[in-house]
Amino acid sequence: MKSLSGYHGVVLDVDLSSGKINRKEIDPKDFRNFIGGRGLGIKLLWDALRKPGVDPLSPENPLLLMPGAFSGFPLPSASRTCVVTKSPITTPKKSKHKHASTITYSNMGGFFGPEIRFAGYDGIMVRGSADRPVYLFIDDDRVEIRKAQKFWGMGTDEFDRAFIDELGDRRIRSCYIGPAGENLVPYACIINTTARAAGRGGTGCVMGSKNLKAVAVRGSRQPDVAMHKRFLELLEESRKGFEGTPSTENWRRYGTGSALIWASDIGAQAVKNYREGTYIHADKIGGVAARRKIWQRDFACFVCPLACKKSGRAPLGPYAGIVHDGPEYETGTMLGANLLIDDMEGMMKAIWHGDDFGLDIISVGNVIGFLMEAYDKGLIDLDVLDGIDLKWGNVDAVIQMLHKIAHREGIGEKASKGVHYLAEEIGRESHKFAAHCKGHSLAAWNCHYRPTQALCYVTANRGACHLNGHSAEDQNSTALVDSTGVCLFAHRGYRENALADIMEAITTREWSSEEYSKAGERIYNLEKSFNFREGFRREDDVIADRFFEEPLTIGRRKGAVLDRGQFEEMMNAYYAERGWDSKTTQPSKDRLKALGLDFV
Amino acid sequence: MSEQEASFPKLTIRELFHPPLQDRRSFIKMMVIGGLTITVGGVVIPRLRFGVAHAESPQFSMILVDFNKCTGCRTCETVCGQYNHKAVVNGEQLLGLGNPYLSNIRVYSFNPDVDVPIVCVMCRDNPCIEACPVEEDEDGRRALYRDPKTLAIKNDPERCITCGACAEACRTQRVEAIVPNPKTNRPERMCTLCDGDPQCVKYCPYGALDHIVGGYIGGSHYGLPAEKIAKELIERWYGVKLGKGGARG
């Protein structure tokens, strides 16, 4: 099969049950239609799981590590790896399928994705399950499943260092899980290169279910491009687009940490388990303070001019000696503002533990916030919490909880199942403040005054997702960016239509912007169709009552609350625009056909 | 080729620090400025250009890394790969696609976060050339020699006996920039200085690399292995000892 320019045409297919390693050739049509990364991932997942209700933690569920179509080329910020699999955390209200859950995709930066392409693959598909802990070693054509017993139980930070010692080459890139993934916490994450995480949707849990501690990759190759000269022109132009812009400067200085302050100012931050949108102490945990007190250095992903990752240390106080990124927007809100923690060093320690255990900080911050509120309201007592005094702002109690959850001990076992489970356990209307969609925790953005933020959460194909997009158009565009492997933050540094032009230069296929946007819609609809087949319906596209019933009491948006009528109207308009049935959310046959999804 | 050029590789350390008279004043001046502003892993290394290359005689030059500015993005690797491994497309020679595996500069990443770009430091006492056992030809060249135009280290594949002595000298005495090719054992990753316009310096988005023309930091002082540099930086930035038992968490 002649592959398309710009691709190797091969996905590495590893079956951990049988030990079989296979070079799976990909139909060029799939590259054309689904591009790579998230898009190609969902197509491969769809092909692998031909029926609904497959247990996400069973050997059948493939774990897909997908670089994008731009990964492996020196294009600015094309560094992302999209992890695609069937989610172990999401669940529909009702379904005839026992293990019904959504797809999930989770995106991580660093160097891992490009290295997969350097090794000569357009992705890695891990199927089956090893009977004891293993890691996967890939060095171009040399692929080995190796024993990992001695690493089992190791935190991600220690493992990151120990693994390099084992492999003996600092140029090898790897991703791995921590104790949370090993212990099958449904919202465990995958981490690569010192705390860059594919955080959401329980990718680490699926990896743990396969007894797979890590994947290490080193490569010497690169795909070719169709229009070499044109590609070089676009490369040069793209590099220049980032130079000296205010946005570049802001990313470099504060990373996403700047949002800790402005999101709070505009009332959009998740504060006190989503009760408020403004945190009066946001300045104490924000990027400006971190730059002053903690951060030592800025770090970038592969060929990224933004360097939004920071690295620092806690210099003083009871948490002195902690070395870590410190606050980003999501981590700083979910383990900071959302828990009313204003102690930056303490919060940094909590974030370090979360990463070290391999927990999704967004989900775990949400769960702990929920428990804090339930405890504060007297719905649960100290006994339920195994004696952990989960008062608002108690950072040491939070650290204890992280340990409990990662090891699924006592209250940690219940908390590991997510807020939807806890709300059912606790009852007494606690579901009204359980901030999730389809069982997946909301992220660090509140939606009291922004109905489109609620739309973004409830319509996301992986359950609540803050990066999904606030309209159908944005969502299609996001799906595309995730498929090219370009960072969602950085893609705005490219000029309009640049990504489509680059696709064209790489593949020679003509990419009109219309064609390009259609691919985004196609990817989104295939994901949606997967979820629909599992049994997700309109009743699952809902969000906590809190946002409709409890107006903000402080900040610039004091009094803001969502209006149910308006929300339903907005949702109806959304389904109509999508060509989905507004009662069931089923994508129409016509629309699917127009998108080339006849096989659904 | 003038006699001076041909004889450059034979300079002793003593001769190095007593360069020919016409250059000496400017050389000393550069050394003073350099000494004042540059400390290895120091606080600030301004973007300086030392001197101007003379048309008639080649100027020594090197790439200097500011570890404080490096973010580990590896843009340098890709542009090095692009320039030094060009592609021929429809008979036209164009920049390559920038495979970092082909790069002569290499960034090594550590935990806690430190990134150390390693590139040939152009040691004037060139232990790599000294180690080459191949006899000098009529131009005074061994299988490893200095390019007469840029003074960068080059390998003559015709005469190289692939013994690996040059790479071994670099590994044991300097930075392990020059390495043997895993298949042929021929030395590779010698910095070419991109014909006088190093692409890594030009494209580094963070200004972490400088092309120092005429100045010289001293191979044995500046050219340390990545592990050693990282150890010092990690201690200084994070107050942590590298390796086992690091005071983490």
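Whatever comes next refers back to the structure up there.
Here the structure is a predicted model, which is why all the values come from computation and not from measurement.

Trainee: Can you help me understand the environment of N111 of chain B in this one?
Mentor: Within the secondary structure layout, N111 of chain B lies in the loop between β4 (106–110) and β5 (114–118). By relative accessible area, which is 6% here, N111 of chain B ends up buried. Sequence separation between N111 of chain B and A167 of chain B is 56 residues; the distance between their C-alpha atoms is 27 Å. There is a polar contact of 2.9 Å between the side chain of N111 of chain B and the side chain of D157 of chain A.

Trainee: Help me understand the interface of chain B and chain A in this model?
Mentor: Much of the literature gives interface size as the accessible area that the parts lose upon coming together. Contact with chain B, which involves 47 residues of that partner, is made by 49 residues of chain A. Carbon and sulfur atoms supply 51% of the area buried between chain B and chain A, which totals about 3,900 Å² over both sides. On inspection of chain B and its partner chain A, the count reaches four salt bridges. Put simply, chain B and chain A have 27 residue pairs in polar contact (both at pLDDT 80 or more) between them. When contributions to the side of chain B that touches chain A are tallied by element, the ones reaching two or more residues are α4 (75–84), β2 (87–89), β3 (92–94), β4, β5 and α9 (226–238) of chain B. Of the residues belonging to the side of chain B that touches chain A, the class tally is 23 nonpolar, 14 polar and 10 charged.

Trainee: Whenever I open this one, the packing of helix α2 (residues 37–48) of chain A against helix α21 (residues 513–534) of chain A confuses me. Can you help?
Mentor: Residues and elements named next belong to chain A. Taken N-terminus to C-terminus, the directions of α2 and α21 make an angle of 35°; their axes are 9 Å apart at the nearest point. The chirality of how α2 crosses α21 is left-handed. Taken together, the residues of α21 that come into contact with α2 (itself represented by R38, G39, I42, K43, L45 and W46) are I523, Y524, L526, E527, S529, F530 and R533. Here the residues of the contact of α2 with α21 sort into seven nonpolar, two polar and four charged.

Trainee: It is not clear to me how the nonpolar core should be interpreted in this structure. Could you clarify?
Mentor: Within soluble globular proteins, side chains that are nonpolar generally end up buried alongside one another. Membership of the largest hydrophobic core comes to 125 residues, with the highest contact counts inside it found for F70, L75 and F231 of chain A together with M62, V114, V116 and L209 of chain B. Counting residues in hydrophobic clusters, the runner-up holds 88 residues, among them A188, I361, L371 and A397 of chain A.

What counts, and at which threshold
Residues numbered from 1 in each chain as written. Chains lettered and ligands numbered in written order. Predicted model: local features only at pLDDT ≥ 70, side-chain atom pairs only at ≥ 80, totals over all residues. Heavy atoms only, no water. Helix = DSSP H or I, 4+ residues; strand = E, 2+ residues; numbered from the N terminus. Buried < 20%, exposed > 50% of the residue type's maximum accessible area, 1.4 Å probe, protein only. Polar contact = N/O pair within 3.5 Å; in protein donor to acceptor, adjacent residues only side chain to side chain. Contact = heavy atoms within 4.5 Å. Buried area = accessible area lost by both parts, 1.4 Å probe. Salt bridge = Lys/Arg side-chain N within 4 Å of Asp/Glu carboxyl O. Nonpolar A, V, L, I, M, F, W, Y, C, P; charged D, E, K, R; others polar. Axes fitted to C-alpha atoms, helices over the stretch in contact; angles between N-to-C directions. Left-handed = near helix turned anticlockwise from the far one by under 90°. Core = buried A, V, L, I, M, F, W, Y, C linked by side-chain atoms within 4.5 Å.

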